[in-house]
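# Tertiary structure, described
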Amino acid sequence: MKKSYYIDYPQASFEGQPHRYRCLFCKEETTKINGRLEGHLPSCEYRLKLEQAGYELEDSEQHPALAGTDEFD
Ligand SMILES: [Zn+2]
């Protein structure tokens, strides 16, 4: 089971920056998450919930626009 974009997670704006949003659970910015489940932290409540529901990570596909921007540290 896989979705193209994971954007139905609760979001909250940065304090003092109403045009920037981040995941309410893991606090990752929406521009970093970029609709990807793996954009959330492994401990993110939303990510865990979808993983448990059977949704898969898009780890086998690299979005061209994101090449070189992934950080694994
Ligand atoms: Zn999250």
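Right, let's walk through the structure included here. Small disclaimer: the values here were computed from a predicted structure and weren't measured.

### Considerations on the overall build of the protein
A tally of helices and strands in the protein yields 2 helices and 2 strands. Along the chain direction, N to C, the helices and strands of the protein fall in the order β-β-α-α.

### Details of the environment of isoleucine 33
The topology assignment puts isoleucine 33 in helix 1 (residues 30-33). Classification of isoleucine 33 by C-beta neighbours within 10 Å gives buried; the count is 25. Linking isoleucine 33 and isoleucine 7, residues 26 residues apart in sequence, is a C-alpha distance of 8.9 Å. Residues in contact with isoleucine 33, not counting those within four places in the same chain, are Cys23, Glu28, Gly39 and His40.

### What to know about unusual backbone geometry
In this model, lysine 27 sits at a positive phi of 70 degrees, which is unusual for a non-glycine residue. Summarising the element assignment, lysine 27 is placed in the loop between strand 2 (17-23) and helix 1. For lysine 27, a count of 12 C-beta atoms within 10 Å puts it in the exposed group. Its identity as a non-glycine residue notwithstanding, asparagine 34 has a phi of 55 degrees, on the positive side. Of note, asparagine 34 is situated in the loop between helix 1 and helix 2 (45-52). Judged by the 17 C-beta atoms lying within 10 Å of it, asparagine 34 is partly exposed.

### Some words on the nonpolar core
Membership of the largest hydrophobic core is limited to 7 residues, which are Tyr6, Tyr9, Cys23, Ile33, Leu37, Cys44 and Leu50. Ignoring anything within four residues of it in the chain, the contact list for tyrosine 6 reads Gly35, Arg36, Leu37 and Leu50.

### Re the environment of tyrosine 21
One can find tyrosine 21 in strand 2. Counting along the chain gives 11 residues from tyrosine 21 to proline 10, while the straight-line C-alpha distance between them is 9.9 Å.

What counts and what doesn't
Residues numbered from 1 in each chain as written. Predicted model: local features only at pLDDT ≥ 70, side-chain atom pairs only at ≥ 80, totals over all residues. Helix = DSSP H or I, 4+ residues; strand = E, 2+ residues; numbered from the N terminus. Buried ≥ 20, exposed ≤ 12 C-beta atoms within 10 Å, placed from the backbone. Contact = placed C-beta atoms within 7 Å. Core = buried A, V, L, I, M, F, W, Y, C linked by C-beta atoms within 7 Å.

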